[in-house]
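Chains, contacts and geometry: an overview
Residue strings, one per chain:
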2 protein chains.
Amino acid sequence: MSVERPPPEMSWWGWGDPDRPFSLPHSAAELLRREIGIGELRRPPVALEDVHLREPALPAGLRDKLVGAAGADSVRDDRLGRVLHAAGKGYGDLVHQRSGQCEQAPDVVVAPSSHESVRDVLEVCADAAVAVVPFGGGTSVVGGVAPMRGAFPAVISLDLHRLDALCAIDERSLIAVFEPGVRGPAAEALLARRGLTLGHFPQSFQYGSLGGFAATRSVGQASTGYGRFDELVVGLRCAAPAGDVSLAAVPASAAGPSVRELIVGSEGTLGVITQLALQVRPRPRARRYEGWMFGSFAEGAEALRSLVQRSEPPDVARLSDEVETRVSSALAGGGAKAAAGRVYLRARGYTAGCVVIVGWEGSQESVRLRHAHGARVLRRAGGLPVGRGPGVSWERSRFAAPYLRDDLLERGVMVDTLETATTWSNLLVLHRAVTDALHGALAARGTPALVMSHVSHLYPTGASLYFTFLAAQEVDQPLEQWRAAKQAASEAIVSAGGTITHHHAIGRDHVPWLAAEIGQPAVRALEAAKAALDPSGIMNPGKLLPERGDQPV
Amino acid sequence: MSVERPPPEMSWWGWGDPDRPFSLPHSAAELLRREIGIGELRRPPVALEDVHLREPALPAGLRDKLVGAAGADSVRDDRLGRVLHAAGKGYGDLVHQRSGQCEQAPDVVVAPSSHESVRDVLEVCADAAVAVVPFGGGTSVVGGVAPMRGAFPAVISLDLHRLDALCAIDERSLIAVFEPGVRGPAAEALLARRGLTLGHFPQSFQYGSLGGFAATRSVGQASTGYGRFDELVVGLRCAAPAGDVSLAAVPASAAGPSVRELIVGSEGTLGVITQLALQVRPRPRARRYEGWMFGSFAEGAEALRSLVQRSEPPDVARLSDEVETRVSSALAGGGAKAAAGRVYLRARGYTAGCVVIVGWEGSQESVRLRHAHGARVLRRAGGLPVGRGPGVSWERSRFAAPYLRDDLLERGVMVDTLETATTWSNLLVLHRAVTDALHGALAARGTPALVMSHVSHLYPTGASLYFTFLAAQEVDQPLEQWRAAKQAASEAIVSAGGTITHHHAIGRDHVPWLAAEIGQPAVRALEAAKAALDPSGIMNPGKLLPERGDQPV
């Protein structure tokens with residue numbers, strides 16, 4: 001797996017390399033034509049020179065002060081720089097960017113290269129009451145890096161890519177100390193030299209930064225085994241306008257409420273994470289990924305529940321529902337092998353069914369033992385092994401979905417994902433509620449949806465659910481259409497007892513549902529903690545906690 | 001293991017059953033005479049009727065309002081009731097209680113029996129600006145339940161023992177919902193009927209309450225396997241003066257800073273936990289505990305590090321340093337078997353050495369596999385198996401230490417424990433620093449100390465260290481003597497990079513070191529969160545965060 005190759009510079013209107021050729025498979029286009037009725041339309045993004053930007057509106061003298069704080073080569077306000085920092089990679093962001101609506105772009109982009117320089121930039125901005133939006137990899141799909149000006153006179157994007165050092169490795173304690181701007185592939189390359197890995201592979205891996213992973217509680221595809229990113233953080237340093245929060249690396253503490261858990265997940269609203277002490281592991285010597293078929297989503301979910309409750313679970317475990325199984329199989333294309341596979345399954349009574357991908361990593365012995373145990377549990381739960389093919393093909397394409405999304409947007413398809421988590425006993429209820437809500441909301445607008453989902457992170461008490469929904473894009477009101485779907489799904493999640501987000505964070509898009517999750521008293525407690533660390537409310541306004549952020553104090 | 005038998009009512013001057021006979025083993029008395037020079041002195045506690053109490057000083061009409069809120073039979077201000085709630089079970093607490101100094105006793109004890117009734121009591125107290133000290137099992141060893149009047153006109157102890165229901169069990173999701181007043185044995189008895197267990201066995205197990213375990217981030221003797229108590233909390237309800245914080249049970253969430261981690265560990269300073277959704281497990285079918293000898297503490301620590309970093313660790317793992325190994329062996333007494341054991345060890349080159357207790361629990365197969373793997377790792381690390389004897393004897397006596405402490409106090413021995421955690425690479429440095437600090441501080445007072453310690457909780461990145469120190473009690477200044485030792489140890493912990501507490505919490509006694517651990521900006525953030533949830537500062541003043549608590553707003 002060549003996860004360590006540094007990716008090309010990000011496109012301003014989509015994901016990844018802007019020069020990558022259009023690649024929507026023919027089989028996928030066929031399927032979408034059939035299922036949601038898309039046409040032959042092509043809607044390319046506008047040219048960079050046609051993007052709408054407002055004139056930078058920095059208060060007098062501020063640019064010089066920022067140069068003083070971060071250095072001349074760290075301050076840019078050129079067109080491309082501002083457009084690149086105008087949005088993250090959510091559906092709404094991309095609709096705006098592709099159509100050239102970048103009025104919300106930051107007035108200036110500042111890229112300091114040290115903790116001290118970050119501190120100085122924050123001081124300058126606090127004095128001038130200018131909003132600061134921390135920007136790591138820029139991959140947020142919930143509006144986490146969108147500059148929200150509100151009543152602020154100006155907004156800067158604080159790009160952290162120059163804070164890119166591996167500061168220290170403590171091999172005895174399996175702790176690596178990184179700066180926050182290190183991206184996934186660079187972190188793995190730096191660790192690989194010492195035979196170590198973070199084991200954190202979210203779909204945003206190629207562009208996401210470690211600071212962003214921590215600030216948003218990212219979850220990777222192998223997090224069932226390696227742990228959520230928030231669980232990997234054993235120490236940190238955060239520059240807040242009111243002062244630094246420095247937590248030494250300790251494995252656990254009973255010293256009151258967890259300050260680590262206050263900073264982790266704070267999404268840049270309290271301060272800027274400038275250093276992270278992270279738990280690492282020896283790189284696995286052996287890996288085994290394979291596919292299993294189950295008669296239904298319910299059966300598959302029961303199998304995964306047994307797997308995680310009966311002993312050490314696999315490192316990767318992922319169950320697609322009936323629709324996702326069917327669509328993935330169609331996307332993988334036809335051919336003799338696929339046809340033979342269908343015959344094999346049909347002969348065993350699996351006319352429809354759901355695919356499970358399971359993966360074990362570690363020492364040869366650990367993989368062998370855990371695989372043997374896991375296979376026994378899956379077989380007893382009604383599973384049929386379908387070999388290593390599905391595992392290998394999933395692994396090969398596991399960072400590809402964001403690229404596919406660009407192609408779909410070009411073909412006039414609305415496509416977005418959302419995710420939640422709940423207890424095992426509530427999993428099917430929530431799955432049904434969200435699926436129905438998305439179908440209902442989009443059917444009501446005359447754009448029938450394709451809705452599919454998977455379980456991808458197992459816990460002893462429950463699991464995550466990840467939904468993908470597609471429909472023909474409304475030409476006139478693409479964002480209203482999307483908001484209707486998002487709203488319906490979010491209401492369904494909240495009503496059916498799920499969390500509003502399992503690993504995408506709150507950002508801008510989930511703010512309306514935070515109070516439903518934690519209640520007003522807790523919202524006020526978080527607001528108060530923010531006011532203590534960020535007295536003038538300049539940090540990432542409009543995100544996470546809306547009430548204070550919209551207006552400078 | 002009969003952990004489920006309900007214990008007798010707690011003594012007001014010591015631990016557990018007041019009628020239990022004095023039981024300091026002869027061998028232990030001998031050892032202490034030799035090592036720290038104690039005499040034949042007996043210092044029994046004063047009689048209850050000789051205890052000093054101040055007259056209850058409730059504001060006019062408050063008692064009636066409390067009766068209105070909680071019911072007449074829920075409000076008591078008799079001598080025994082007030083004395084029982086005058087202190088926890090720390091060394092300083094017991095010195096006060098045994099000598100009859102209970103001037104700090106609460107003015108009244110209120111024991112509501114529902115969430116709503118707790119809410120009503122908080123409202124009455126907030127209106128009257130009366131301090132409220134939540135009281136679960138009353139087992140805090142860091143002053144967590146000590147009524148600290150400060151500038152408040154009165155203080156009530158809010159005893160939660162009537163909130164003792166098992167509200168629900170979700171067997172599919174392995175979640176049990178409890179009220180906070182349920183004590184360890186009762187919780188295990190209620191779960192055992194369904195074949196389940198919490199697996200949480202701290203030394204305070206017999207008297208500690210679930211609410212207290214959560215509020216203080218308790219860690220049990222099998223927490224390496226079953227998880228810290230804070231990790232078991234998947235949902236909760238907390239009555240704060242400003243309103244309820246209710247978090248539905250979800251396995252994980254990315255919805256901002258963790259509110260769960262703000263309430264867990266809040267030690268009654270934000271509100272009263274009135275319900276807990278806890279992860280439970282199937283009761284283990286098999287258990288295997290055994291002892292291993294290592295040549296030194298350093299060698300034993302390396303072995304435990306290998307154990308936890310190379311694969312699934314044992315559920316219990318505990319390494320005694322050289323002094324604790326020697327003292328435990330002396331306490332276990334002589335006899336032919338012990339002598340034979342010493343000959344066996346000496347023949348293999350272990351003239352001194354350190355004992356490791358390891359325990360595996362689970363299915364027969366899991367125990368067999370993990371034991372085989374663990375034994376291989378321990379042998380490769382230089383360990384010598386010494387059979388199941390030490391494991392069985394440790395397990396039999398694992399809740400006995402607090403009783404032993406009462407006997408030691410009666411014999412004029414100062415005895416206390418303290419604990420910390422750090423990374424593996426810093427473990428020996430911290431062990432040496434704290435040991436030296438305790439020896440130094442007590443030698444300087446002319447009372448040479450016996451200092452011993454163990455590692456008892458393993459994490460991939462580090463481990464806990466638990467110290468016991470004993471010295472002949474200074475007759476005139478027992479608390480000054482203790483404070484000198486505690487201060488020296490705490491300074492050593494902070495300077496050497498440990499956390500000020502791994503599982504005893506901050507309480508009253510660790511307040512001076514919180515800022516060293518998290519920094520002033522984070523202290524201010526926690527103060528602000530408290531002010532939002534507890535605007536008049538009535539909740540457990542003087543604990544955790546000193547600045548606001550000492551004076552009512």
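Data block above holds the structure.
No experiment lies behind these values; they were computed from the predicted model shown. (Residues numbered from 1 in each chain as written. Chains lettered and ligands numbered in written order. Predicted model: local features only at pLDDT ≥ 70, side-chain atom pairs only at ≥ 80, totals over all residues. Heavy atoms only, no water.)

**A word on the overall build of chain A**
Within chain A one finds 21 helices and 19 strands. For 553 residues, the compact-globule estimate of 2.2 N^0.38 gives 24 Å, and chain A sits close to it at 23 Å. Dimensions of chain A, computed from C-alpha atoms along their principal axes, come out at roughly 75 × 60 × 45 Å. Relative to its full complement of 553 residues, chain A shows a buried share of 61%. (Helix = DSSP H or I, 4+ residues; strand = E, 2+ residues; numbered from the N terminus. Rg over C-alpha atoms; globule rule 2.2 N^0.38 Å. Buried < 20%, exposed > 50% of the residue type's maximum accessible area, 1.4 Å probe, protein only.)

**So, the pairing of strand E13 (residues 316-320) of chain A**
All names here are of chain A. Of all five residues making up E13, five are buried, and the element is well covered by its neighbours. Alternating positions in E13 separate into two faces, Val316, Arg318 and Ser320 on one and Ala317 and Leu319 on the other, with burial throughout. Note that E13 and strand E14 (residues 354-362) share four bridges and pair antiparallel. Bridged to Val316 within E14 is Gly359. Examined bridge by bridge, E13 and strand E17 (residues 450-455) share two bridges and lie antiparallel to one another. (Pairing = 2+ DSSP bridges.)

**Details of the sheet that holds strand E3 (residues 131-135) of chain A**
Consider a sheet: its strands pair through backbone hydrogen bonds, and that pairing is either parallel or antiparallel. All names here are of chain A. Taking strand neighbours across the sheet as the criterion, the four strands line up as E1-E2-E4-E3 in an open arrangement whose pairing is mixed. Two strands lie at the open edges of the sheet, namely strand E1 (75-76) and E3, each paired on one side alone. Sheet analysis places E1 next to strand E2 (residues 108-110), joined by two bridges and oriented antiparallel. Residue pairing for E2: Arg76 is matched across the bridge by Val109.

**Topic: the sheet that holds strand E10 (residues 272-279) of chain B**
All names here are of chain B. One open sheet accounts for five strands, arranged E5-E6-E10-E8-E9; its pairing is antiparallel. On the outer flanks of this sheet lie strand E5 (166-170) and strand E9 (243-247), each paired with one strand and no other. The mean angle between the axes of side-by-side strands here comes to 10°, regardless of whether they run parallel or antiparallel. The pairing of E5 with strand E6 (residues 175-178) spans four bridges and is antiparallel. When the bridges of E6 are listed, Asp170 appears paired with Ile175. Most of the contacts of helix H6 (residues 184-192) go to E6, to which it runs at about 135°, and overall it touches E5 and E6. (Axes fitted to C-alpha atoms, helices over the stretch in contact; angles between N-to-C directions. Contact = heavy atoms within 4.5 Å.)

**A short note on the interface of chain B and chain A**
Residue-level contacts link 75 residues of chain B with 75 residues of chain A. Buried area between chain B and chain A, both sides added, is near 5,400 Å², and the carbon and sulfur share of it is 63%. Together, Arg172, Pro251 and Pro257 of chain B form the three largest contributors to the area buried by chain B at its contact with chain A, with a combined 13%. If you look at where chain B meets chain A, you find four salt bridges. Residue Arg376 of chain B pairs with Glu365 of chain A through a salt bridge whose shortest N-O separation is 2.9 Å. Our count for the contact surface shared by chain B and chain A stands at 28 residue pairs in polar contact (both at pLDDT 80 or more). Going through the elements one at a time, E9, helix H10 (260-263), helix H11 (297-310), helix H14 (364-380), strand E16 (413-423), strand E19 (462-472), helix H19 (514-518) and helix H20 (520-533) of chain B are the ones with two or more residues in the side of chain B that touches chain A. (Buried area = accessible area lost by both parts, 1.4 Å probe. Salt bridge = Lys/Arg side-chain N within 4 Å of Asp/Glu carboxyl O. Polar contact = N/O pair within 3.5 Å; in protein donor to acceptor, adjacent residues only side chain to side chain.)

**Points about the nonpolar core**
Grouped together as the largest cluster of nonpolar side chains are 143 residues, with contacts concentrated most on Leu210 of chain A together with Leu210 and Phe229 of chain B. For Leu210 of chain A, the contacting residues outside a window of four places in its chain are Phe178, Glu179, Pro180, Val182, Ala187, Leu198, Phe229, Leu276 and Leu278 of chain A. Listed in part, the 48 residues of the second largest apolar core include Ala301, Ala303, Leu442 and Phe469 of chain B. (Core = buried A, V, L, I, M, F, W, Y, C linked by side-chain atoms within 4.5 Å.)

**Some words on the relation of the copies chain B and chain A**
When chain B is fitted to chain A, the residual RMSD is 0.0 Å, and the transformation amounts to a turn of 180° plus an axial shift of 0.0 Å. This pairing of chains is accounted for by a two-fold axis. With an isologous cut-off of 70% or more, the 100% of interface residues of chain B that recur at the interface of chain A puts this contact in the isologous class. (Least-squares fit on C-alpha atoms with pLDDT ≥ 70 in both.)

**Re the pattern of salt bridges**
All names here are of chain A. Going through the model one piece at a time under the given rule, you end up with 56 salt bridges over all chains. With a closest N to O distance of 3.0 Å, Arg370 and Asp315 form a salt bridge. Separated by 55 residues along the polypeptide, Arg370 in helix H14 (residues 364-380) and Asp315 in the loop between helix H11 (297-310) and E13 bring together distant segments of the chain. Taken as a pair, Arg370 and Asp315 share a single burial class, namely buried.

**Things to note about unusual backbone geometry**
In this model, Ala129 of chain A sits at a positive phi of 55°, which is unusual for a non-glycine residue. On the secondary structure map, Ala129 of chain A appears in the loop between helix H5 (115-128) and E3. You will see that Leu174 of chain B, though not glycine, has its phi angle at about 55°, which is positive. Inspection of the secondary structure assignment puts Leu174 of chain B in the loop between E5 and E6.

**Digging into helix H15 (residues 389-396) of chain B**
All names here are of chain B. All buried positions along H15 are accounted for by Gly391, Trp394 and Glu395. Projected down its long axis, H15 shows its buried positions confined to an angular sector of 95°, all on one face. At its buried positions, H15 is contacted by strand E12 (286-294), strand E13 (316-320) and strand E14 (354-362). (Arc of directions from axis to C-beta.)

**As for a negative patch on the surface**
Taken together, the side chains of Glu116, Asp120, Glu123 and Asp127 of chain A define an acidic patch exposed on the protein surface. By the element assignment, Asp120 of chain A lies in helix H5. (Patch = residues over 30% accessible without salt bridge, like charges linked within 9 Å, V, L, I, M, F, W, Y side chains within 5 Å. Areas by Shrake-Rupley, 256 points an atom, 1.4 Å probe, with all protein chains shown as cover. Lys, Arg positive; Asp, Glu negative; His and termini not counted. Charge placed at Lys NZ, Arg CZ, Asp CG, Glu CD.)

**Points about the packing of H14 of chain A against H14 of chain B**
With their axes 13 Å apart at the nearest point, H14 of chain A and H14 of chain B run at an angle of 180° to one another. Relative to H14 of chain B, the element H14 of chain A lies roughly antiparallel. In contact with Glu365, Leu369, His373 and Arg376 of chain A of H14 of chain A, H14 of chain B contributes Glu365, Leu369, His373 and Arg376 of chain B. Of the residues contributing to the contact of H14 of chain A with H14 of chain B, the split by class is two nonpolar, two polar and four charged. (Parallel < 35°, antiparallel > 145°, perpendicular 65-115°, else oblique. Nonpolar A, V, L, I, M, F, W, Y, C, P; charged D, E, K, R; others polar.)

These values are about where atoms sit, not about what they do.
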